[in-house]
Amino acid sequence: MKTLTKAIMEYAEERPEGEVIHAKALLHLGSRATVDKALSRLAERGQLLRVHRGFYVRLLEGRLGDRFLKYPPSVHLVTKNFARAVGEFVLPIPSATANVLGLTTQNPMRIIYITSGPSRWLKFGDSESVELRHASRWYFSVGDRTPGRVLRVAGWEGSLYAADILHKLKNDLSPSDLREMADACPKLPSWLAKEVSEFVANG
């Protein structure tokens, strides 16, 4: 008869790279307590990686010269899959988005995402981690195209800098981008909606 740990590993190996594994998806194999213990044992043996309490991922396998290695999947992929599993939204922290938009050349020293859920950390072994930092829900309501990114950066930087950011990015915004930003105003904080409305109207 197949052992519980073997059944869990077979399940894990069938999952796409970076998909999180949690006990609630394995209750067809045993009780919650026994599944939790089995997952914990697999993590202790280095067969799974525990990224957060109750959440694990399958390690990838490869070679480095003559050595056989196991290593974590992409932290970005795992972060997105974790958020989906717990019913939350995640996006890159707006300070990193500012770099993508050309507003700064500085890159964050740590990997940080904003989340619609509570703040928490995901761990990828001893040396790497991802911070999930709670942000207001409006950040996740404006999409991840250029207009949404601009609005998130402006909102993150605050009322003192929002107008300046909008004008710096003016030449990167198409008429349809501006319409999308104007349409998003009801979802925004009042102070930001005012800045956006004036920017769209007056340029």
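It should be noted that the structure appears before, not after, this text.
Residues numbered from 1 in each chain as written. Predicted model: local features only at pLDDT ≥ 70, side-chain atom pairs only at ≥ 80, totals over all residues. Heavy atoms only, no water.

1. Side note on helix 8 (residues 190-202)
Next, step 1: The terminal C-alpha atoms of helix 8 lie 18 Å apart, and with 13 residues this matches the ideal 18 Å at 1.5 Å per residue to within 8%.
Next, step 2: For helix 8, the set of buried residues is Leu-192, Ala-193, Val-196 and Phe-199. The arc enclosing the buried residues of helix 8, seen along the axis, measures out at 130°, which places them on a common side. Seen from the open side of helix 8, the exposed residues pointing more than 90 degrees away from its buried face are Ser-190, Lys-194, Ala-201 and Asn-202.
Next, step 3: Considering only its buried residues, helix 8 is in contact with helix 5 (146-157), helix 6 (162-168) and helix 7 (175-184). (Helix = DSSP H or I, 4+ residues; strand = E, 2+ residues; numbered from the N terminus. Expected span 1.5 Å × (residues − 1). Buried < 20%, exposed > 50% of the residue type's maximum accessible area, 1.4 Å probe, protein only. Arc of directions from axis to C-beta. Contact = heavy atoms within 4.5 Å.)

2. Remarks on the packing of helix 7 against helix 8
Next, step 1: Running from amino to carboxyl end, helix 7 crosses helix 8 at an angle of 150°, the nearest separation of the two axes being 9 Å. Viewed along their axes, helix 7 and helix 8 form a crossing whose handedness is left-handed. Contacts between helix 7 and helix 8 pair Leu-178, Met-181 and Ala-182 from the former with Val-196, Phe-199 and Val-200 from the latter.
Next, step 2: Class assignment of the residues belonging to the contact of helix 7 with helix 8 gives a composition of six nonpolar, no polar and no charged. (Axes fitted to C-alpha atoms, helices over the stretch in contact; angles between N-to-C directions. Left-handed = near helix turned anticlockwise from the far one by under 90°. Nonpolar A, V, L, I, M, F, W, Y, C, P; charged D, E, K, R; others polar.)

3. Some points on the packing of helix 5 against helix 8
Next, step 1: For the pair helix 5 and helix 8, the least separation of the axes is 11 Å and the interaxial angle reads 125°. If you check the angle between helix 5 and helix 8, you find them oblique. Taken as a pair, helix 5 and helix 8 cross one another with a handedness that is right-handed. Side by side, helix 5 and helix 8 meet where Leu-151, Ala-154 and Gly-155 of the first sit next to Trp-191, Leu-192 and Val-196 of the second.
Next, step 2: Tallied by class, residues from the contact of helix 5 with helix 8 come to five nonpolar, one polar and no charged. (Parallel < 35°, antiparallel > 145°, perpendicular 65-115°, else oblique.)

4. Description of the pattern of salt bridges
Next, step 1: Counting across every chain of the model gives 11 salt bridges.
Next, step 2: Among the salt bridges present, the one from Arg-15 reaches Glu-14, with a minimum N-O distance of 3.9 Å.
Next, step 3: Among the ionic pairs, Lys-194 bridges to Glu-198, the shortest N-O distance being 2.8 Å. In this pair, Lys-194 and Glu-198 both sit in helix 8, four residues apart, roughly one turn of the helix. (Salt bridge = Lys/Arg side-chain N within 4 Å of Asp/Glu carboxyl O.)

5. Observations concerning the nonpolar core
Next, step 1: Counting residues in hydrophobic clusters, the biggest one holds 28 residues, and the most contacted among them are Leu-151, Met-181, Leu-188 and Val-196.
Next, step 2: Among the elements of the structure, strand 7 (111-115), helix 5, helix 6, helix 7 and helix 8 are those that each provide at least two residues to this core.
Next, step 3: Contact partners of Val-196, with chain neighbours within four places excluded, come to Leu-151, Leu-166, Met-181, Cys-185 and Leu-188.
Next, step 4: Within the second largest apolar cluster, 16 residues are counted, among which are Leu-49, Val-75, Tyr-113 and Val-130. (Core = buried A, V, L, I, M, F, W, Y, C linked by side-chain atoms within 4.5 Å.)

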